[in-house]
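Structure at a glance
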Amino acid sequence: MSVNKLVKFLGKPRIQQGNSKTHTPVVLTDSKGNWLKRKAEHRSERDIIWWAKSSDKIKNRFDWLEANIVHEIKRLGNIRLYVWLGTCDLTTKNKKFISVTSPHGDETIDYILSYYRKIEKLMQNHPNSRVTFLEIPLYSIYEYNKQKNHTDLDQFTEQDIELNRQIYKLNQEIREINRAANCHSPSFTSDLIYKTTVKKGGHRRAENKKKHNFQLLVDGIHPTNLLAKTWLRRIAEKYKEDCWT
(Lines give C-alpha, C1' and ligand atoms only; values in the text may rest on other atoms or scores of the structure.)
Protein backbone atom coordinates (compact mmCIF):
# COMPACT_ATOMS: atom_id res chain seq x y z
CA MET A 1 0.00 0.00 0.00
CA SER A 2 0.96 3.63 -0.27
CA VAL A 3 1.39 5.78 2.80
CA ASN A 4 -1.88 7.55 1.96
CA LYS A 5 -3.79 4.26 1.89
CA LEU A 6 -2.44 3.27 5.31
CA VAL A 7 -3.39 6.66 6.72
CA LYS A 8 -6.86 6.26 5.23
CA PHE A 9 -7.20 2.78 6.77
CA LEU A 10 -6.20 4.07 10.20
CA GLY A 11 -8.75 6.85 9.88
CA LYS A 12 -11.67 4.46 9.44
CA PRO A 13 -14.12 3.94 12.32
CA ARG A 14 -13.11 1.06 14.54
CA ILE A 15 -15.08 -2.17 14.59
CA GLN A 16 -17.33 -2.32 17.63
CA GLN A 17 -16.74 -5.24 19.97
CA GLY A 18 -19.51 -7.33 21.49
CA ASN A 19 -20.93 -7.06 24.98
CA SER A 20 -19.44 -10.20 26.50
CA LYS A 21 -15.73 -11.08 26.50
CA THR A 22 -15.06 -14.80 26.03
CA HIS A 23 -11.28 -14.93 25.68
CA THR A 24 -8.18 -12.88 26.44
CA PRO A 25 -6.15 -12.10 23.28
CA VAL A 26 -2.51 -13.20 23.49
CA VAL A 27 0.13 -12.93 20.75
CA LEU A 28 3.07 -15.35 20.88
CA THR A 29 5.75 -13.80 18.73
CA ASP A 30 9.27 -12.47 18.29
CA SER A 31 10.49 -8.87 17.98
CA LYS A 32 7.46 -7.92 15.83
CA GLY A 33 5.41 -7.85 19.01
CA ASN A 34 7.77 -5.42 20.72
CA TRP A 35 7.52 -3.03 17.77
CA LEU A 36 3.72 -3.17 17.72
CA LYS A 37 2.86 -3.00 21.40
CA ARG A 38 4.71 0.31 21.78
CA LYS A 39 2.19 1.84 19.36
CA ALA A 40 -0.89 0.86 21.37
CA GLU A 41 -3.16 3.90 21.80
CA HIS A 42 -6.71 2.58 21.73
CA ARG A 43 -8.06 0.52 24.63
CA SER A 44 -8.59 -2.52 22.41
CA GLU A 45 -4.91 -2.41 21.45
CA ARG A 46 -3.76 -2.07 25.05
CA ASP A 47 -5.84 -5.13 26.00
CA ILE A 48 -3.63 -7.43 23.91
CA ILE A 49 -1.16 -9.54 25.90
CA TRP A 50 2.21 -9.91 24.17
CA TRP A 51 4.40 -12.94 24.75
CA ALA A 52 7.24 -11.55 22.65
CA LYS A 53 10.97 -12.08 22.66
CA SER A 54 13.30 -10.51 20.13
CA SER A 55 15.22 -12.82 17.76
CA ASP A 56 13.59 -15.91 19.26
CA LYS A 57 13.16 -18.88 16.97
CA ILE A 58 10.02 -20.98 16.97
CA LYS A 59 11.52 -23.81 19.06
CA ASN A 60 12.42 -21.43 21.89
CA ARG A 61 8.98 -19.82 21.84
CA PHE A 62 7.31 -23.25 21.85
CA ASP A 63 9.47 -24.41 24.76
CA TRP A 64 8.47 -21.29 26.70
CA LEU A 65 4.80 -21.82 25.86
CA GLU A 66 4.88 -25.47 26.89
CA ALA A 67 6.45 -24.57 30.23
CA ASN A 68 4.10 -21.67 31.00
CA ILE A 69 0.73 -22.29 29.35
CA VAL A 70 -0.97 -23.89 32.37
CA HIS A 71 0.06 -21.06 34.69
CA GLU A 72 -0.87 -18.38 32.17
CA ILE A 73 -4.35 -19.76 31.52
CA LYS A 74 -4.97 -19.92 35.25
CA ARG A 75 -3.89 -16.29 35.46
CA LEU A 76 -5.66 -14.94 32.37
CA GLY A 77 -8.60 -17.30 31.96
CA ASN A 78 -9.47 -18.70 28.54
CA ILE A 79 -7.18 -17.26 25.90
CA ARG A 80 -7.25 -16.77 22.15
CA LEU A 81 -3.62 -17.47 21.23
CA TYR A 82 -2.33 -15.80 18.07
CA VAL A 83 0.91 -17.43 16.96
CA TRP A 84 3.08 -15.07 14.92
CA LEU A 85 6.30 -17.00 14.51
CA GLY A 86 8.63 -18.13 11.73
CA THR A 87 10.46 -14.98 10.64
CA CYS A 88 13.55 -15.76 12.70
CA ASP A 89 13.66 -19.29 11.28
CA LEU A 90 13.28 -18.43 7.60
CA THR A 91 16.48 -16.39 7.77
CA THR A 92 19.66 -16.92 9.76
CA LYS A 93 21.78 -14.20 11.32
CA ASN A 94 25.56 -14.35 11.02
CA LYS A 95 27.08 -11.55 13.07
CA LYS A 96 25.15 -8.49 11.86
CA PHE A 97 23.94 -9.83 8.48
CA ILE A 98 21.16 -12.26 7.55
CA SER A 99 20.70 -14.85 4.80
CA VAL A 100 17.98 -17.29 3.79
CA THR A 101 18.19 -20.39 5.99
CA SER A 102 17.29 -22.90 3.25
CA PRO A 103 18.51 -21.58 -0.13
CA HIS A 104 16.84 -24.47 -1.94
CA GLY A 105 13.78 -26.48 -0.97
CA ASP A 106 11.21 -26.32 1.79
CA GLU A 107 13.10 -27.72 4.77
CA THR A 108 12.56 -24.59 6.85
CA ILE A 109 8.87 -24.42 5.97
CA ASP A 110 8.42 -28.05 7.04
CA TYR A 111 10.31 -27.36 10.26
CA ILE A 112 8.11 -24.37 11.12
CA LEU A 113 4.95 -26.35 10.31
CA SER A 114 6.08 -29.14 12.63
CA TYR A 115 6.07 -26.64 15.50
CA TYR A 116 2.71 -25.25 14.47
CA ARG A 117 1.38 -28.80 14.85
CA LYS A 118 3.04 -29.07 18.28
CA ILE A 119 1.34 -25.85 19.34
CA GLU A 120 -2.01 -27.14 18.08
CA LYS A 121 -1.55 -30.37 20.03
CA LEU A 122 -0.53 -28.46 23.16
CA MET A 123 -3.59 -26.24 22.95
CA GLN A 124 -5.85 -29.28 22.65
CA ASN A 125 -5.11 -29.83 26.35
CA HIS A 126 -6.97 -26.56 26.95
CA PRO A 127 -10.19 -27.00 24.97
CA ASN A 128 -11.75 -23.76 26.22
CA SER A 129 -8.92 -21.76 24.67
CA ARG A 130 -8.25 -21.45 20.94
CA VAL A 131 -5.31 -20.83 18.64
CA THR A 132 -4.97 -18.90 15.37
CA PHE A 133 -1.79 -18.70 13.31
CA LEU A 134 -0.93 -15.28 11.92
CA GLU A 135 0.56 -14.95 8.44
CA ILE A 136 4.20 -13.94 8.08
CA PRO A 137 4.76 -10.48 6.59
CA LEU A 138 7.09 -10.30 3.62
CA TYR A 139 10.52 -8.83 4.38
CA SER A 140 13.80 -8.24 2.57
CA ILE A 141 17.23 -9.73 3.17
CA TYR A 142 18.68 -7.26 0.67
CA GLU A 143 17.27 -4.20 2.43
CA TYR A 144 18.26 -5.45 5.89
CA ASN A 145 21.86 -6.10 4.87
CA LYS A 146 21.95 -2.79 3.00
CA GLN A 147 21.05 -1.04 6.25
CA LYS A 148 23.92 -2.91 7.91
CA ASN A 149 26.34 -1.67 5.20
CA HIS A 150 27.09 -5.01 3.55
CA THR A 151 29.63 -4.48 0.76
CA ASP A 152 28.35 -7.18 -1.65
CA LEU A 153 24.57 -6.83 -1.94
CA ASP A 154 24.09 -8.47 -5.37
CA GLN A 155 24.06 -11.96 -3.84
CA PHE A 156 20.94 -11.13 -1.84
CA THR A 157 18.71 -10.34 -4.82
CA GLU A 158 18.17 -14.04 -5.55
CA GLN A 159 17.87 -14.78 -1.85
CA ASP A 160 15.02 -12.28 -1.62
CA ILE A 161 13.24 -14.06 -4.47
CA GLU A 162 13.59 -17.39 -2.66
CA LEU A 163 12.52 -15.88 0.67
CA ASN A 164 9.48 -14.39 -1.06
CA ARG A 165 8.54 -17.83 -2.39
CA GLN A 166 8.96 -19.47 1.01
CA ILE A 167 6.88 -16.84 2.81
CA TYR A 168 4.05 -17.11 0.29
CA LYS A 169 4.07 -20.91 0.55
CA LEU A 170 4.15 -20.84 4.35
CA ASN A 171 1.26 -18.38 4.39
CA GLN A 172 -0.72 -20.73 2.13
CA GLU A 173 -0.18 -23.48 4.70
CA ILE A 174 -1.23 -21.12 7.49
CA ARG A 175 -4.47 -20.38 5.65
CA GLU A 176 -5.19 -24.10 5.38
CA ILE A 177 -4.50 -24.68 9.08
CA ASN A 178 -6.73 -21.78 10.05
CA ARG A 179 -9.47 -22.81 7.63
CA ALA A 180 -9.62 -26.24 9.26
CA ALA A 181 -10.07 -24.50 12.61
CA ASN A 182 -12.68 -22.10 11.20
CA CYS A 183 -10.56 -18.99 11.67
CA HIS A 184 -8.32 -16.74 9.60
CA SER A 185 -5.43 -14.29 9.78
CA PRO A 186 -5.08 -10.75 8.50
CA SER A 187 -2.87 -10.49 5.40
CA PHE A 188 -0.02 -8.30 6.63
CA THR A 189 1.90 -8.57 3.35
CA SER A 190 -1.00 -6.88 1.54
CA ASP A 191 -0.02 -3.66 3.32
CA LEU A 192 3.35 -3.79 1.54
CA ILE A 193 1.95 -4.38 -1.95
CA TYR A 194 1.30 -1.64 -4.44
CA LYS A 195 0.50 -1.72 -8.13
CA THR A 196 2.48 0.00 -10.84
CA THR A 197 1.84 0.22 -14.57
CA VAL A 198 4.46 -1.13 -16.99
CA LYS A 199 4.40 -1.26 -20.77
CA LYS A 200 5.14 -4.60 -22.44
CA GLY A 201 5.26 -5.99 -25.97
CA GLY A 202 5.66 -4.46 -29.39
CA HIS A 203 2.61 -2.27 -28.98
CA ARG A 204 3.76 -1.28 -25.49
CA ARG A 205 0.60 -2.66 -23.89
CA ALA A 206 0.14 -1.37 -20.35
CA GLU A 207 -0.07 -3.97 -17.57
CA ASN A 208 -0.42 -3.68 -13.83
CA LYS A 209 2.44 -5.20 -11.86
CA LYS A 210 2.56 -5.81 -8.13
CA LYS A 211 5.58 -4.56 -6.21
CA HIS A 212 6.53 -4.40 -2.56
CA ASN A 213 7.07 -1.14 -0.75
CA PHE A 214 9.93 -2.01 1.57
CA GLN A 215 10.22 1.69 2.45
CA LEU A 216 7.44 0.89 4.93
CA LEU A 217 9.98 -1.23 6.83
CA VAL A 218 12.60 0.49 8.97
CA ASP A 219 15.38 -1.98 8.20
CA GLY A 220 13.88 -4.41 5.69
CA ILE A 221 12.21 -6.40 8.50
CA HIS A 222 10.58 -4.25 11.17
CA PRO A 223 7.65 -1.92 10.48
CA THR A 224 7.79 1.85 10.48
CA ASN A 225 5.51 3.64 12.93
CA LEU A 226 2.72 3.88 10.36
CA LEU A 227 2.90 0.22 9.37
CA ALA A 228 3.20 -0.92 13.00
CA LYS A 229 0.02 1.01 13.83
CA THR A 230 -1.69 -0.59 10.82
CA TRP A 231 -0.70 -4.12 11.78
CA LEU A 232 -1.66 -3.51 15.41
CA ARG A 233 -5.06 -2.23 14.30
CA ARG A 234 -5.57 -5.34 12.16
CA ILE A 235 -4.79 -7.66 15.09
CA ALA A 236 -6.99 -5.66 17.46
CA GLU A 237 -9.95 -5.78 15.10
CA LYS A 238 -9.38 -9.48 14.51
CA TYR A 239 -9.53 -10.25 18.22
CA LYS A 240 -12.73 -8.22 18.57
CA GLU A 241 -14.32 -10.73 16.22
CA ASP A 242 -12.81 -13.72 18.03
CA CYS A 243 -12.96 -12.81 21.71
CA TRP A 244 -16.30 -11.05 22.11
CA THR A 245 -19.92 -12.04 21.56
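As the structure is a computational prediction, the values presented were derived from the model and not from experiment. (Residues numbered from 1 in each chain as written. Predicted model: local features only at pLDDT ≥ 70, side-chain atom pairs only at ≥ 80, totals over all residues. Heavy atoms only, no water.)

Topic: the overall build of the protein chain
Broken down by element type, the protein chain carries nine helices and eight strands. A compact globule built from 245 residues would reach a C-alpha radius of gyration of about 18 Å, and the protein chain, at 19 Å, matches this within 12%. Counting only C-alpha atoms, the protein chain reaches 65 × 40 × 35 Å along its principal axes. With 245 residues in all, the protein chain has 48% of them scored as buried. Sequence separation of 24 or more characterises 74% of the internal contacts of the protein chain that already satisfy a separation of 6 or more. For the protein chain, the accessible area works out to roughly 12,900 Å², and carbon and sulfur atoms hold 47% of it. (Helix = DSSP H or I, 4+ residues; strand = E, 2+ residues; numbered from the N terminus. Rg over C-alpha atoms; globule rule 2.2 N^0.38 Å. Buried < 20%, exposed > 50% of the residue type's maximum accessible area, 1.4 Å probe, protein only. Contact = heavy atoms within 4.5 Å. Areas by Shrake-Rupley, 256 points an atom, 1.4 Å probe, with all protein chains shown as cover.)

Here we look at empty space enclosed by the protein
Considering all chains together, one arrives at one cavity of 30 Å³ or more under this definition. Here the largest cavity is characterised by a volume of approximately 40 Å³. What lines the largest cavity is Lys 32, Thr 87, Pro 137, Leu 138, Tyr 139, Ile 221 and Trp 231. Of the residues contributing to the lining of the largest cavity, the split by class is five nonpolar, one polar and one charged. (1 Å grid on protein atoms, 1.4 Å probe; cavity = no way out; pocket = protein on both sides within 12 Å on 5 of 7 lines; lining within 4 Å. Points joined across faces, edges and corners; volume = space filled by probe spheres on them. Nonpolar A, V, L, I, M, F, W, Y, C, P; charged D, E, K, R; others polar.)

A few points about the pairing of strand β5 (residues 97–100)
Here β5 shows a clear split, with Ile 98 and Val 100 buried on one side and none of Phe 97 and Ser 99 buried on the other. In sequence, strand β4 (residues 91–94) turns back onto β5 through a hairpin of two residues, with Lys 95 there showing a positive phi of about 60 degrees. (Pairing = 2+ DSSP bridges.)

What to know about the packing of helix α4 (residues 58–76) against helix α6 (residues 107–123)
Direction vectors running N to C along α4 and α6 enclose 10 degrees, while the axes themselves pass 10 Å from each other. If you check the angle between α4 and α6, you find them roughly parallel. Facing Ile 58, Lys 59, Phe 62, Leu 65, Glu 66 and Ile 69 of α4, the residues of α6 in contact are Tyr 111, Ile 112, Tyr 115, Tyr 116, Lys 118, Ile 119, Leu 122 and Met 123. (Axes fitted to C-alpha atoms, helices over the stretch in contact; angles between N-to-C directions. Parallel < 35°, antiparallel > 145°, perpendicular 65-115°, else oblique.)

Let's talk about the sheet that holds strand β2 (residues 49–52)
The four strands are arranged β2-β1-β3-β6 in an open sheet whose pairing can be described as parallel. Two strands bound the open sheet, and with one partner strand each, they are β2 and β6 (130–133). Looking at each pair of strands side by side, their axes are set apart by 20 degrees on average, direction ignored. Of the strands in this sheet, β3 (79–84) and β6 touch α6, which is tilted by about 165 degrees from β6. Packing against the sheet, helix α9 (residues 225–243) makes contact with β1 (24–29), β2 and β3, and its axis sits at approximately 145 degrees to β3.

Focus on the nonpolar core
Grouped together as the largest cluster of nonpolar side chains are 60 residues, with contacts concentrated most on Leu 81, Tyr 116, Ile 119, Leu 170 and Ile 235. If we skip the residues at most four places from it in the chain, Leu 170 touches Leu 90, Ile 109, Ile 112, Leu 113, Tyr 116 and Ile 136. (Core = buried A, V, L, I, M, F, W, Y, C linked by side-chain atoms within 4.5 Å.)

Focus on unusual backbone geometry
Even without glycine at this site, Asn 149 takes up a positive phi of about 65 degrees. Positionally, Asn 149 belongs in the loop between α7 (141–147) and α8 (155–180). A relative accessible area of 60% places Asn 149 in the exposed class. Within the chain, Asn 182 stands out as a residue other than glycine whose phi angle is a positive 60 degrees. Note on Asn 182: relative accessible area 68%, which makes it exposed.

So, the layout of surface pockets
What the largest pocket holds in volume is close to 320 Å³. Ser 55, Cys 88, Lys 93, Ile 98 and Ile 221 are the residues nearest the centre of the largest pocket, which is lined by 16 residues in total. Secondary-structure elements contributing two or more residues to the lining of the largest pocket are α2 (31–37), α5 (87–90) and β4. For the lining of the largest pocket, the residue count by class is five nonpolar, seven polar and four charged.

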